[in-house]
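Here are the chains, one letter per residue:
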Amino acid sequence: PPSLPLSLPPARKHPMSLSTFDDLLQAARQQPEPQRLLFVFASAELPDDATPEQRAAFAGGRGGALVPLMCVDKTPDELPGFAALAAEAAQFGKPWAVVFVAGMSGQGGVAPSSAQADAPLKRMVDAIKAGTLGGYVPFDAQGRAVNLR
């Protein structure tokens, strides 16, 4: 059965390849087996118990807690590019700061189904809530790979 983490390399391990979402999309299309991409959109929020220093950093565009807002799965062929993904996300009216991406590899020339993506998407949401981000490639709202510290 298909499994996480990514069959695509995280950006920080292979800086040559994934600087934008469209780079990832191209890499997914070039995999030997068809892929299903998993997306979790998250906002950055300031926790209620934030210190004054954390509040100042957040006001300057740094820090905060990542809160998953919505998720979806797509095959690379269903997405012409980042603009299409961002436009679809905008239809839900929830502003987001980062989208986390993971990939599931198919078998025998068949991409994993949406039903097969349900459990891995739930695990992604739970991991992001817990702050465990290592297996996912994050992109900002302009489609640029980001390094979350």
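The structure displayed is predicted, hence computed values, not measured ones.

With respect to the overall build of the protein
Then comes step 1: What the protein contains, in helices and strands, is four helices and four strands.
Then comes step 2: Walking the protein from its N terminus toward its C terminus, one meets helices and strands in the order α-β-α-β-α-β-α-β.
Then comes step 3: Within the protein, contacts between residues separated by at least 24 positions form 77% of all contacts whose residues are at least 6 apart in sequence.
Then comes step 4: Element-wise, carbon and sulfur atoms account for 54% of the exposed surface of the protein, whose accessible area totals about 8,100 Å².

Thoughts on the nonpolar core
Then comes step 1: Residues Phe21, Leu24, Phe39, Phe41, Trp96, Val99 and Phe139 are the most contacted members of the largest nonpolar core, which totals 20 residues.
Then comes step 2: Of all the secondary-structure elements, those providing two or more residues to this core are helix 1 (21-29), strand 1 (35-45), strand 2 (65-74), helix 3 (82-90), strand 3 (98-105) and strand 4 (137-140).
Then comes step 3: No other element matches the five residues that helix 1 contributes to this core.
Then comes step 4: Excluding residues that lie within four positions of it along the chain, tryptophan 96 makes contacts with Phe41, Ala42, Ser43, Leu69, Met70, Phe82, Ala86, Ala89, Phe139, Asp140 and Ala141.
Then comes step 5: Core analysis: the next-biggest nonpolar cluster, separate from the first, contains 14 residues, Phe100, Met104, Met124 and Val125 among them.

Quick notes on the packing of aromatic side chains
Then comes step 1: Applying the stated criterion to the full structure yields five aromatic pairs.
Then comes step 2: Ring centres of phenylalanine 21 and phenylalanine 139 lie 5.7 Å apart, and the angle between their planes is 85 degrees; on these two criteria the pair is classed as edge-to-face. Taken together, the residues phenylalanine 21 in helix 1 and phenylalanine 139 in strand 4 connect sequence positions 118 residues apart. An identical accessibility class is assigned to phenylalanine 21 and phenylalanine 139; each is buried.
Then comes step 3: Their ring planes at 75 degrees and their centres at 4.9 Å tell us that phenylalanine 41 and tryptophan 96 sit as a pair that is edge-to-face. A residue pair is termed long-range when its members are at least 10 positions apart, and phenylalanine 41 in strand 1 and tryptophan 96 in the loop between helix 3 and strand 3 qualify at 55 residues.
Then comes step 4: With a relative accessible area of 3%, phenylalanine 41 lands in the buried category.

Focus on the pattern of salt bridges
Then comes step 1: Under the definition given, this model contains five salt bridges.
Then comes step 2: Among the ionic pairs, lysine 74 bridges to glutamate 88, the shortest N-O distance being 2.9 Å. Here lysine 74, found in strand 2, pairs with glutamate 88, found in helix 3; they are 14 residues apart in sequence, far enough to count as distant.
Then comes step 3: Under the relative-accessibility criterion, lysine 74 is labelled buried at 14%.
Then comes step 4: Using a relative accessible area of 25% as the deciding quantity, one classes glutamate 88 as partly exposed.
Then comes step 5: Of the charged contacts in the structure, one is a salt bridge between lysine 122 and aspartate 126, with a shortest N-O distance of 3.1 Å. A residue pair is termed a helical-turn pair when its members lie 3 or 4 positions apart in one helix, as lysine 122 and aspartate 126 do in helix 4 (residues 114-130) at four residues.
Then comes step 6: Note on lysine 122: relative accessible area 52%, which makes it exposed.

Rules used throughout
- Residues numbered from 1 in each chain as written.
- Predicted model: local features only at pLDDT ≥ 70, side-chain atom pairs only at ≥ 80, totals over all residues.
- Heavy atoms only, no water.
- Helix = DSSP H or I, 4+ residues; strand = E, 2+ residues; numbered from the N terminus.
- Contact = heavy atoms within 4.5 Å.
- Areas by Shrake-Rupley, 256 points an atom, 1.4 Å probe, with all protein chains shown as cover.
- Core = buried A, V, L, I, M, F, W, Y, C linked by side-chain atoms within 4.5 Å.
- Buried < 20%, exposed > 50% of the residue type's maximum accessible area, 1.4 Å probe, protein only.
- Phe/Tyr/Trp six-rings, centres within 6.5 Å; stacked < 30°, edge-to-face > 60°.
- Salt bridge = Lys/Arg side-chain N within 4 Å of Asp/Glu carboxyl O.

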